[in-house]
Structures are given as C-alpha cells and as structure tokens.
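Tertiary structure, described
Chain by chain, the residues run as shown.
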Amino acid sequence: MTERVVIIGSGPAGWSAAIYAARANLTPLLFEGAMTQENYQNGTLPLGQLNLTTEVENFAGFPAGNLSQFLDTAIAPDRRKTMAPHGGHGVSGPELMELMKQQALNFGTRVETDDIVNVDLSKRPFVLTTLSGTTVEAHSIIVATGARANYLGLESEDKYKNQGVSACAVCDGALPRFRNKPLVVVGGGDSAMEEASYLTKFASTVYIIHRRDEFRASKIMATRVLENPKINVKWFSKVEEVLGDEKAGVTGVRISNVKSGETEVLEAGGMFCAIGHTPNTAFLKGQVQTDDKGYVVYTEPFRTNTSVEGVFAAGDVADSYYRQAITSAGTGCMAALDAERWLAAQGHH
Ligand code: FAD
Ligand code: NAP
C-alpha cells in the first residue's frame, strides 16, 4: 500500500500537520522518532523540543490556570499516568505536546515510534526507510523534524557529556550531581535565560557565559535573569575547557575574556549548553535543497513547497528565524493543506 502522506516529526509542526491531514481523510502516517540513547543525547526524542521544557506561556489559547481536570479527560490514560503533575500556572511543554498528539490520534493519525533514516526522492512513489529497517512508500511527505541543540565542540565537553555536561536543564537539572553547587550556562538567547532561571532552583549560583555584552533573548526573559540575585553573568566570555575528573565528573570550567584574553577558573558542578540549534535534515542526504546551515529552503513565498514536488516542510526544520511553537504549528497546518491540494491535483484522493 502506498501512503498518501507521511509526516516525519512529532513537534508542534508534525502534530498540527497530522490534525489537518487526518481531518482531510488522508489517514496520515506519522513517524514520531525513536526512543534511542542517541536521540536522548541530541534532544530529539518523540514530542520534540517543547517536551524538554517547563511552562509555555506564549502558545495562544493556554492562559494561566489549572488544566489538570481537562488533561485527565483529554489524554489517553496510559500516557496521562506517566506525566508529571501539573504546576497550575498554564500549560507545560510536555502537556501541550501530549494534547497535540491526542488530537491527531483522535482524527485517525497512525503513529510509528521510529526514526526515518533514509529517503529516496528520485522515485515515485517516494521510499522511506526506518531505523528498525522497514520501508514505506508515500506519494507525499511532510518534513517536520525540527532542530537539535548545539554543543561548543570542545574535546573536554564531549568527555563529560552525561557527567555534568548537558544541553537540557529541564531534563537533567534536578539530578543530585547538580544540587547546591555553582552551575554554568553558555549562551545568550531565550534558551539560556530559561535554563539559567530554572537551574536557580537547584544551584547555589548560576553563571551565564556569554560571548557579547548583550543578550539575544527577549526582553522579558533577559530582565528576569538580570534581576535574579542567584545569576551571575560573565559578559564577553567563552568557555575554553571543561574541567573535571573521572569520579566527580565536571568540577569547573576555564573561561577567557574574548577581548582581553584573561582566563579565569569557575568552580562548577555542571555546564549547560544553550547555544542554538541545528536542523534535523541529515537523513535527507542532500535530496532537498537546504541553506548553508542545513535548513530546508521553501521554494515559493507563503507556501511550504520544497525543491522536490510532493515534499513539504514545516516548523523549525525550515525556519532559522522565528523558531516558535506557534509558528511551527502554523506551518504544519500550511504543509498539510499544501499536501492535500497537491495530492488532489495528482489524482491521489
Ligand atoms: P521539534 O519540536 O524540534 O520536533 C521535531 C521532532 O521530530 C524531534 O524531536 C524528533 O522527535 C522528531 N524527529 C527528528 N528527526 C526525525 C527523523 N529522522 N525521523 C522521525 N522523527 C524525527 N517556543 C515557544 O513558542 N514557546 C516556548 O516557551 C518555547 N520554549 C522552548 C524551550 C526550550 C528549552 C527549547 C529548546 C525550545 C523552546 N521553544 C519555545 C521553541 C519550540 O520548542 C520550537 O520552535 C518547536 O518545538 C519546533 O517545533 P517543530 O515541530 O518544528 O520541531
Ligand atoms: P538562539 O536564539 O539562536 O541563541 C543562541 C545563543 O547562543 C546566542 O546568544 C549566541 O550568541 C550563542 N551562541 C551561539 N553559538 C555559540 C558558540 N559557539 N559559542 C558561544 N555562544 C554561542 O537560540 P535559543 O536560545 O535556543 O532560541 C531558539 C529559539 O527558540 C528562539 O527563537 C527563541 O525565541 C525560542 N525559545 C523561546 C523560549 C520562550 O519564549 N520561552 C524559550 C527558549 C527558546 P550571539 O547572541 O552572540 O549570537
């Protein structure tokens, strides 16, 4: 059987595309990603980037309030019982993602917990290969594979991954190794602000190491950080080396001032990288046009078309500029509508 539309990715873009495609009776098949150690390390587990965060305050339709009762009734009990208790302040990232997934399931989306590792776009129908070795044929594809966290690329950083080096404070911050110790966050964007604020729950002090003297983050997030007495910002600074030993893991970082070259050692129990993301497009192996950073390029304004007819893209994988949950959901909707119209024009109803 040839699928009419296969959606790859399980963030806001993938689920929104699935909701629209399912409601158009396309019975979409969605690959949500695989539960592998590699995906855990890269932050590319099913449910996407929002599953790695706490409160989401800017997704329209989810004001502050207690959602517990609604979550109890909206989400399948087997998944509901595994979710963290609700904080009562709005919607959390994992809650929002579970709600999107449930909505897509309700309309008949079929979900496979697997990665797509290869696609052959030279043939029609397209052929997709999964990590577990199965192949699927599809008339159209929506690429919604999002993006993953970047690391600094230091040898010492690699050495201490899972031993004090992390790219996800919400996933790892509560671990005993990080409690009551100074911690380091690298970066100056919204993620760095969020990670630093979150880590103040556990750390004695949080250092933010930023290479400039101004944050890229939104004003509201930056102000929260600058007003937090537990956060100490090291401006014009970069991490030269992660320090540690085999037994304790990370014990500190050596930083340098990018202007004067002066170095300083900060004692720290962990380092959290929040220096941006790389789009998950390696599996496309150059068959779809991407820009120099690997983001899928849209070939028509206000459309989700890519360089390959029948392949559409949505969300952060094609967006190095907005990178928000709500814009990803918006382009997910657009991709499903574009795919539906293209399939109809090809006679694949
Ligand atoms: P993603 O959320 O990146 O999801 C893509 C998913 O697809 C992957 O995680 C993986 O499971 C799957 N996948 C990847 N490759 C494959 C493959 N080959 N095969 C199968 N599946 C695959 N935005 C906001 O608007 N508000 C916020 O408060 C906010 N907070 C954030 C906090 C953090 C810590 C981070 C990192 C980001 C935050 N963002 C926030 C940004 C937001 O999370 C992203 O813009 C959004 O999740 C992008 O959605 P997406 O659907 O494009 O992809
Ligand atoms: P980002 O906005 O791209 O910021 C990355 C930061 O890391 C920048 O400050 C950058 O410095 C720094 N950086 C990049 N490479 C570096 C390197 N090699 N060494 C040292 N520093 C480096 O990424 P992000 O913070 O992950 O945010 C991504 C998107 O998600 C944004 O659109 C953001 O708004 C969104 N987001 C939203 C929320 C929220 O609204 N609550 C929370 C998190 C993320 P420079 O500034 O010098 O370039």
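Up top you'll find the structure we're talking about.
Let me sum up the structure you'll find in this document. (Residues numbered from 1 in each chain as written. Chains lettered and ligands numbered in written order. Predicted model: local features only at pLDDT ≥ 70, side-chain atom pairs only at ≥ 80, totals over all residues. Heavy atoms only, no water.)

This part is about the sheet that holds strand E10 (residues 165–166). A sheet is described by the order of its strands in space; here five strands give the open sequence E10-E17-E11-E12-E13, paired in parallel fashion. Strand pairing shows two members of the sheet lacking a second neighbour, E10 and strand E13 (231–234), which therefore form its edges. The sheet contact formed by strand E11 (residues 183–186) and strand E12 (residues 206–209) spans four bridges and is parallel. Residue pairing across strands places valine 184 opposite tyrosine 207, the latter belonging to E12. Here helix H8 (residues 190–199) sits on the sheet in contact with E11, E12, E13 and strand E17 (270–273), set at roughly 170 degrees to E11. (Pairing = 2+ DSSP bridges. Helix = DSSP H or I, 4+ residues; strand = E, 2+ residues; numbered from the N terminus. Contact = heavy atoms within 4.5 Å. Axes fitted to C-alpha atoms, helices over the stretch in contact; angles between N-to-C directions.)

Grouped together as the largest cluster of nonpolar side chains are 35 residues, with contacts concentrated most on Val5, Ile7, Trp15, Phe59, Leu96 and Ile142. For this core, the secondary-structure elements that each account for two or more residues are strand E1 (2–8), helix H1 (12–23), helix H5 (93–106) and helix H10 (325–346). It is H10 that provides the largest number of residues to this core, a total of seven residues. Setting aside residues up to four positions removed in sequence, isoleucine 7 forms contacts with Gly14, Ala17, Ala18, Pro28, Leu29, Leu30, Phe31 and Ile142. (Core = buried A, V, L, I, M, F, W, Y, C linked by side-chain atoms within 4.5 Å. Buried < 20%, exposed > 50% of the residue type's maximum accessible area, 1.4 Å probe, protein only.)

Looking now at the site of ligand 2. Neighbouring residues of ligand 2: 20 residues in total, closest Asp190, Ser191, Arg212, Arg216 and Gln324. Residue arginine 212 places a side-chain N or O atom 2.7 Å away from an oxygen atom belonging to ligand 2. At a separation of 3.4 Å, an oxygen atom of ligand 2 approaches a polar side-chain atom of histidine 277. Summarising the interface, the protein chains cover 78% of the accessible area of ligand 2, which totals 920 Å² for the free molecule. With three residues, H8 is the largest single contributor of residues to the shell around ligand 2. (Near = heavy atom within 4 Å. Polar contact = N/O pair within 3.5 Å; in protein donor to acceptor, adjacent residues only side chain to side chain. Areas by Shrake-Rupley, 256 points an atom, 1.4 Å probe, with all protein chains shown as cover.)

With that settled, consider the side chain of threonine 109. Inspection of the secondary structure assignment puts threonine 109 in the loop between H5 and strand E5 (110–112). Its relative accessible area of 6% is what places threonine 109 among the buried residues. Reaching out from threonine 109, the side chain makes a polar contact with the backbone oxygen of alanine 104 at a distance of 2.8 Å. Apart from the residues within four sequence positions on either side, threonine 109 is in contact with Ala18, Ala22, Pro28, Leu30 and Ala104.

The next thing to look at is the site of ligand 1. Around ligand 1, 35 residues are found, and the nearest of them are Leu45, Gln49, Asn58, Asp316 and Ala325. In this structure, an oxygen atom belonging to ligand 1 sits 3.3 Å away from a main-chain N or O atom of alanine 147. Serine 328 places a polar side-chain atom, nitrogen or oxygen, 3.4 Å from an oxygen atom of ligand 1. For ligand 1, whose free accessible area comes to 990 Å², the fraction covered by protein is 92%. For the shell around ligand 1, the secondary structure elements donating two or more residues are H1 and H10.

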